[in-house]
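# Survey of secondary and tertiary structure
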Amino acid sequence: MAVSELLQKEMIAIAISEPGGPEVLKPVTMKVPEPAAGEVLIRVAAAGVNRPDVIQRKGHYPAPPGASPLPGLEVSGTVVALGEGVGPEWIGRRICALTNGGGYAEYCVAPVGQCLDVPDSLSMVEAAALPETLFTVWGNLFNRGFAREGEKVLVHGGTSGIGTMAIMLGKLFGLTVIVTCGSDQKCTAARQVGADHAINYKSQDFVEEIKKITDGQGVDIVLDMVAGDYVARNLQCLKEDGRHVTIAVQGGAQATLNMAQIMMKRLILTGSTLRPQSTERKALLGDELHRYVWPDIEAGKLKPVMDECFALADAAKAHAHMEAGDHIGKIVLTVE
């Protein structure tokens, strides 16, 4: 099919009809998007489901200016058309991509710097489960958190997509990884993924457990997606010169801090959200992943932990499954 014919074609996508529960995710028919300069058009094979999609569906995380209003921040698929300035070698490539939105659809555009080739070691469904967690964990644990071999990191939400990726990346780069989970079953699953220690936060005080595990020394880094009243407790877990990295605020956006403690221990508090960052910044992260992580993926040393797949039309069921909180690893929508 010629590119001009393709761009006149209609596709099925999942739109947010209004802010609300999973039931507001509705199949719609719309035109195939046209790739802008520096972008590729992807025929989507699968799309990852992520917590930001849920927050967007509820009306609390609007798409940035110029981005697709459709949910979906990561996809796998085949490049079928090119925007201005993208070399012809991209046509026909099997890729996975971090998108700026629009992944819940049969076709999606993505900046070429946010695309990575899918190696033979991965299925297309597995590939769709990689970009958002990889970009997030690499950008926060290693870039903002300055993680170094031999250090200890505490990761909250140990069996989430982010948590399982943090475990696997941490172990690849020589970290001791301690996680918190909401049940003994999830703690067992986290240890099976590779966590050195798993703490059931419902039956144990993670601050006291960190003291026991580290002989009172504390951890070097906390990767936190809870925020709220967890922050003050997290700071108690950090050793001197420790780094606290916030990547979500599921427990609330406000925290009360002891600034004297931060000064005395010389702590660094930082954090980021991925979607609003510039295309140039995301391309730099993509290049680092290609150089430092992709060789291990190609060798089969790193694969996403998969939970369950749903058809694109069942996106509402996928969101309900995520919000139930029982999943371990990644939830994916299959398109092809």
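Throughout, residues of each chain are indexed from 1 in the direction in which the sequence is written. In keeping with the model being predicted, local features are shown solely for residues with a pLDDT of at least 70 and side-chain atom pairs are shown and tallied solely at 80 or more, while totals for entire chains, interfaces and linings include all residues. Values shown for side chains rest on all heavy atoms present in the structure; no hydrogens or waters enter the calculation.

## Notes on the environment of glutamate 308
Cut-off, in case you're wondering: Secondary structure elements follow DSSP: runs of H or I of four or more residues count as helices, runs of E of two or more count as strands, with numbering from the N terminus. Relative accessible area decides the class of each residue, using a 1.4 Å probe on protein chains only: under 20% of the type maximum gives buried, over 50% gives exposed, and in between gives partly exposed. Contacts between residues were defined by any pair of non-hydrogen atoms, one from each residue, lying within 4.5 Å.
In this structure, glutamate 308 sits in strand E14 (residues 306-311). Take glutamate 308: its relative accessible area is 36%, and that puts it in the partly exposed class. For the pair formed by glutamate 308 and valine 332, sequence separation is 24 residues and the distance between their alpha carbons is 6.5 Å. Contacts of glutamate 308, omitting those with residues within four sequence positions, involve His321, Lys330, Ile331 and Val332.

## Digging into the sheet that holds strand E9 (residues 176-181)
How we decide: When DSSP locates at least two bridges between a pair of strands, those strands are taken to pair. Simply put, an axis is a line fit to the C-alpha atoms, just over the touching stretch for a helix, and the angle between two N-to-C directions goes from 0 to 180 degrees.
One open sheet holds the six strands; their spatial order is E10-E9-E8-E11-E12-E13, and the pairing between them is parallel. Where the open sheet ends on each side, the last strands, each with one partner, are strand E10 (197-200) and strand E13 (268-271). Averaged over all adjacent pairs, the angle separating strand axes in this sheet is 20 degrees, with direction ignored. Sitting on the sheet, helix H5 (residues 161-172) touches strand E8 (152-155), E9 and strand E11 (219-224), and the angle it makes with E9 is about 165 degrees. On top of the sheet, helix H8 (residues 230-237) reaches E8, E11, strand E12 (238-246) and E13; it is set at about 145 degrees to E12, its chief contact.

## Observations concerning helix H6 (residues 184-193)
What counts is decided by this rule: Directions drawn from the helix axis to the C-beta atoms are what define this arc.
Residues Lys186, Cys187, Ala189 and Ala190 constitute the buried set of H6. An end-on view of H6 places all buried positions within 160 degrees of arc, on one side of the element. Along H6, the residues that are exposed and aim more than 90 degrees away from the buried face are Asp184, Gln185 and Gln192. If you follow the buried residues of H6, they end up packed against H5, E9 and E10. Within two residues after H6, glycine 194 carries a phi angle of roughly 140 degrees, on the positive side.

## Considering the layout of surface pockets
Let me state the cut-off plainly: Computed over the protein atoms alone on a 1 Å grid, cavities are sets of points where a 1.4 Å probe fits but cannot get out and pockets are open sets with protein on both sides within 12 Å along at least five of seven lines; a residue lines them when it has an atom within 4 Å of a point. Grid points are joined across faces, edges and corners, and a volume is the space filled by probe spheres set on the points. Residue classes follow a fixed rule: Ala, Val, Leu, Ile, Met, Phe, Trp, Tyr, Cys and Pro count as nonpolar, while Asp, Glu, Lys and Arg count as charged, and any other residue, Gly among them, counts as polar.
By volume, the largest pocket is sized at about 1,200 Å³. Lining of the largest pocket is provided by 49 residues; of these, Arg51, Gly157, Ser160, Met225 and Gln250 occupy positions nearest its centre. Those elements that place two or more of their residues in the lining of the largest pocket are helix H2 (51-57), helix H4 (131-144), H5, E9, H6, helix H12 (315-324) and strand E15 (330-334). Take the lining of the largest pocket: its biggest share by element is four residues, from H4. Of the residues belonging to the lining of the largest pocket, the class tally is 20 nonpolar, 21 polar and eight charged. Looking at the second largest pocket, its volume works out to about 360 Å³. Looking at the second largest pocket, it is lined by 25 residues, and the ones nearest its centre are Gly66, Ala67, Ser68, Asn100 and Gly101. Mapped onto the lining of the second largest pocket, the elements with two or more residues apiece are strand E2 (25-31), strand E6 (107-111) and helix H10 (279-292). Its residues assigned to classes, the lining of the second largest pocket shows 14 nonpolar, seven polar and four charged.

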